[in-house]
Amino acid sequence: MFNDIGALELVTIVVLAILVFGPEKLPKVIQDVTGFIRKVRAFSDSAKQDIRSELGPEFKDFEFEDLNPKTFIRKQLTENEDLKEIRTSFDLRKELNDVTDAVNNPEPDPAAASPSGAAAGVDLLKKPEAPAPEQRARFDADAT
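Sequence order as written defines the numbering, with residues in each chain counted from 1. It should be noted that, the model being predicted, local features are given only for residues of pLDDT at least 70 and side-chain atom pairs only at 80 or more, the latter also being counted only at that level, while totals for whole chains, interfaces and linings use all residues. Hydrogens and water are ignored here; the side-chain numbers use all heavy atoms of the structure.

1. Considerations on the overall build of the chain
Item 1. Helix and strand assignments come from DSSP, with helices taken as H or I runs of at least 4 residues and strands as E runs of at least 2, each series counted from the N terminus. Secondary structure assignment for the chain yields four helices and zero strands.
Item 2. Across the chain, helices and strands are ordered from the amino to the carboxyl terminus as α-α-α-α.
Item 3. Looking at the chain residue by residue over its 144 residues, the buried ones come to 4%.
Item 4. Each accessible area is a Shrake-Rupley estimate made with a 1.4 Å probe; only the visible protein chains count as cover when residues are assessed. A total accessible area of about 13600 Å² is found for the chain, and carbon and sulfur atoms account for 61% of it. Summary of the burial criterion: residues with accessible area below 20% of their type's maximum are buried, those above 50% are exposed, and those between are partly exposed, where the area comes from a 1.4 Å probe applied to protein chains only.

Right under this line is the structure:
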């Protein structure tokens, strides 16, 4: 709960508590505060149990921490079987190597060419030639 409080801050809080409440009343104040914290925790736990019992047996594994968006997303990404299958079937390193080879190889490899042969004679580094005037699409100023 107080993970980010250092030793200096804790000493400062204790000194301020002694100055404000005095050394005689400080033990009584600490008891009152700890009792209040226990009551709040007990109330919170009973409220959680009531909500779980009202939701029914379908939600027996429901955790209130799952309502945090980060926890919910992490749980969905790690437990979803479809996503696990997609993650294992997709090899990003292989895909990047294939693209790098296609860009860096000026001569296409016939063994790596697609079965349709559409990419067999395409040089990705060469600029495409301008189409002949009769092959150009006509410009329609009214259409824009």
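Continuing now.
2. Description of the pattern of salt bridges
Item 1. Throughout this description, the term salt bridge denotes a Lys or Arg side-chain nitrogen within 4 Å of a carboxyl oxygen of Asp or Glu. Enumeration according to the criterion identifies two salt bridges in this entry.
Item 2. Salt-bridge contacts for D32 lead to K28; the nearest nitrogen and oxygen are separated by 3.2 Å. Residue D32 and its partner K28 are both found in helix 1 (residues 7-55); the two are separated by four residues, about one turn of the helix.
Item 3. The partly exposed category is assigned to D32, whose relative accessible area is 42%.

3. Let's talk about the environment of D66
Item 1. On the secondary structure map, D66 appears in the loop between helix 1 and helix 2 (69-79).
Item 2. Overall, D66 belongs to the buried group, its relative accessible area being 15%.
Item 3. It is 10.0 Å that separates the C-alpha atoms of D66 and Q76, two residues lying ten residues apart in sequence.
Item 4. Excluding anything up to four places from it in sequence, D66 contacts T71, F72 and K75. In this analysis, two residues are considered to be in contact whenever any of their non-hydrogen atoms come within 4.5 Å of each other.

4. Re the confidence of the model for the chain
Interpretation of this model should avoid reading the predicted coordinates in detail wherever pLDDT is low.
Item 1. How sure the predictor is of each residue is captured by pLDDT, a score from 0 to 100. Summary statistics for the chain give a mean pLDDT of 78 and a share of 82% for residues scoring 70 or more.
Item 2. Here helix 3 (residues 81-89) is the element of the chain with the lowest mean pLDDT, 71, and helix 1 is the one with the highest, 90.

5. Quick look at a nonpolar patch on the surface
Item 1. Patch membership needs two things, relative accessible area over 30% and no salt bridge, and members are linked within 9 Å if like-charged or within 5 Å if nonpolar (Val, Leu, Ile, Met, Phe, Trp, Tyr). Together, V11, V15, L16, L19, V20 and F21 make up a nonpolar patch on the protein surface, roughly 580 Å² of accessible area in all.
Item 2. Structurally, the position occupied by V20 is in helix 1.

6. Things to note about helix 1
Item 1. Helix span is expected to be 1.5 Å times the residue number reduced by one. With 49 residues, helix 1 extends just 44 Å between its outermost C-alpha atoms, more than 12% less than the 72 Å of an ideal straight helix rising 1.5 Å per residue.
Item 2. Bend, at a single residue, is the angle you get between axes fitted to the 7 residues ending at that residue and the 7 residues starting at it. If you look at helix 1, its biggest bend is around 100 degrees, right at G22, and the proline P23 turns up within four residues after that.
Item 3. Within helix 1, the full set of buried residues consists of A17, G22 and L26.
Item 4. Positive phi appears at G56, one or two residues downstream of helix 1, with a value of about 100 degrees.

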